[in-house]
Amino acid sequence: MSRKDDHIEKALQQRAQNNDFDRIRFVPVALPQIATKDINLQTTFLNNTIEVPIYINAMTGGTKRAKGINAKLATIAKHFHIPLVLGSLSEAIKHDAAKPSYQIARKIIPKNTGMILANIGADKSLDLMQKALDIIDGDGLQIHLNAPQELLMPEGERDFKAWGKNLKDAQQIKVPLMAKSVGYGISYETMLKLKAIGFKAVDISGRGGTDFNAIENSRSLYAMPYLNQWGLSTVESLLEAKKIEGLTLYASGGIRHALDIVKALALGAEAVGMASYFLHLIEDNSLDEALEKTTQLIVDIKRIMTMLGAKDISALRKKEMLFDPHLQNFLQQRQ
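Structural notes, computed from the coordinates.

Rules used in this analysis
Residues numbered from 1 in each chain as written. Predicted model: local features only at pLDDT ≥ 70, side-chain atom pairs only at ≥ 80, totals over all residues. Heavy atoms only, no water. Helix = DSSP H or I, 4+ residues; strand = E, 2+ residues; numbered from the N terminus. Buried < 20%, exposed > 50% of the residue type's maximum accessible area, 1.4 Å probe, protein only. Polar contact = N/O pair within 3.5 Å; in protein donor to acceptor, adjacent residues only side chain to side chain. Salt bridge = Lys/Arg side-chain N within 4 Å of Asp/Glu carboxyl O. Phe/Tyr/Trp six-rings, centres within 6.5 Å; stacked < 30°, edge-to-face > 60°. Contact = heavy atoms within 4.5 Å. Axes fitted to C-alpha atoms, helices over the stretch in contact; angles between N-to-C directions. Parallel < 35°, antiparallel > 145°, perpendicular 65-115°, else oblique. Left-handed = near helix turned anticlockwise from the far one by under 90°. Nonpolar A, V, L, I, M, F, W, Y, C, P; charged D, E, K, R; others polar. Pairing = 2+ DSSP bridges. Right-handed = clockwise from strand over helix to strand, strands pointing away.

**Comments concerning the side chain of Q142**
Checked against the element boundaries, Q142 lands in strand β7 (residues 140-145). Among the residues examined, Q142 registers a relative accessible area of 0% and is labelled buried. Of note is the side chain of Q142, whose polar atom sits 2.7 Å from the side chain of N119.

This is the structure in structure tokens:
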């Protein structure tokens, strides 16, 4: 089994668990005085208006199985007019035979009919980042920061000295950029550094969803299982980001259902990325069932916002939230 297919299989073995979203409650609104039909979910994604605050986050590519997955994900993205981020294009850069597994998405979503983002690691040079974009004619580039995964991956990187330069060089790219963690969250200090480099958008992708340390540990002869669940949670990262102005936040990592989406939006996320959710959705259901369940997910978001009396995302952010002692202590320690 290839590394990419191995990652898919092990990601499917991980199921939704408790995370820091469970440590937050909304103060209930007993008299909402709005109608569900009037809820407006419109938001922006990398300067583009989208009608639903959801995007399909990076997963896979490079194999026959990955091509089938990307085709289904692209079909869902096209149906709901939501952005799709493809998995790391490193395989397509190295091997021409891997390109169709990514390019299938652009065949389903032609240029100017929907947003497709290329994804590449911060270890890649400007030329390789541009090549990744060119392979899929991408509308944006997501650059992932995954040092812990690389260090645990048997075939991973061990030298990260060029990452800062690569991120600075990436600012020359003409399409919108997004820096992204890979399930480890992003601290206040790192967000400031990314902003100083020139990034205007960050996907915080915190702990609580797919655990890539656990995946790599399961593939290694010299595992370090005590590093599973490394990093800041998505909620902690969102709370960190409240202190920073001029940075657009996107939240992913541990988003399990509509209530998590609403909580992430209330905490400041412009839109919410989901990877594991959609991977399980297409693997466990027919395509028609997956479309039906995604429709219900959007309906559920509107129902929760109706309960809160929030007609749009701006109104949602004014609703009072209660944090358990763990998150209260986190806030005090990080002030």
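**With respect to the pattern of salt bridges**
Here the structure, examined in full by the defined rule, presents 20 salt bridges. It is possible to trace a salt-bridge network through shared partners that takes in R106, K111, D137 and D139.

**Examining the packing of aromatic side chains**
Summed over all chains, the structure comprises 5 aromatic pairs. Each ring, one from F45 and one from Y55, has its centre 4.9 Å from the other, and the planes form 50 degrees; the classification is tilted. With F45 in strand β2 (residues 43-45) and Y55 in strand β4 (residues 54-56), this pair connects stretches of sequence that are 10 residues apart. Residue class for Y55 comes out buried when judged on its relative accessible area of 0%. Following the ring pairs from residue to residue traces out a cluster consisting of F45, Y55 and Y250.

**A look at the environment of Y250**
For Y250, the location among the structural elements is in strand β10 (residues 248-251). Take Y250: its relative accessible area is 2%, and that puts it in the buried class. Each C-alpha atom of the pair Y250 and G268 lies 8.3 Å from the other, and the pair is 18 residues apart in sequence. In this structure Y250 touches T44, F45, L46, Y55, M178, A201, V202, D203, I204, E270 and A271, once residues within four positions along its chain are discounted.

**Topic: the packing of helix α2 (residues 64-80) against helix α13 (residues 287-307)**
Their axes nearest at 11 Å, the elements α2 and α13 cross at an angle of 45 degrees. One finds that α2 runs oblique with respect to α13. Handedness of the crossing formed by α2 with α13: right-handed. On α13, the residues that touch K72, T75, I76, H79 and F80 of α2 are L287, A290, L291, T294, T295 and I298. When grouped by side-chain class, the residues that make up the contact of α2 with α13 number 6 nonpolar, 4 polar and 1 charged.

**Here we look at the pairing of strand β8 (residues 177-181)**
The buried fraction of β8 is high, at 5 of 5 residues. With burial as the criterion, each face of β8 is covered, one bearing L177, A179 and S181 and the other bearing M178 and K180. Of the strand pairs in this sheet, β7 and β8 are connected by 5 bridges, and their pairing is parallel. Bridge assignment links H144 to a residue of β8, and that residue is K180. Bridge count between β8 and strand β9 (residues 201-203): 2 bridges; the pairing is parallel. Note that in β9 the partner of A179 across the bridge is V202. In this fold, the crossover linking β8 to β9 by way of helix α8 (residues 188-197) has right-handed handedness.

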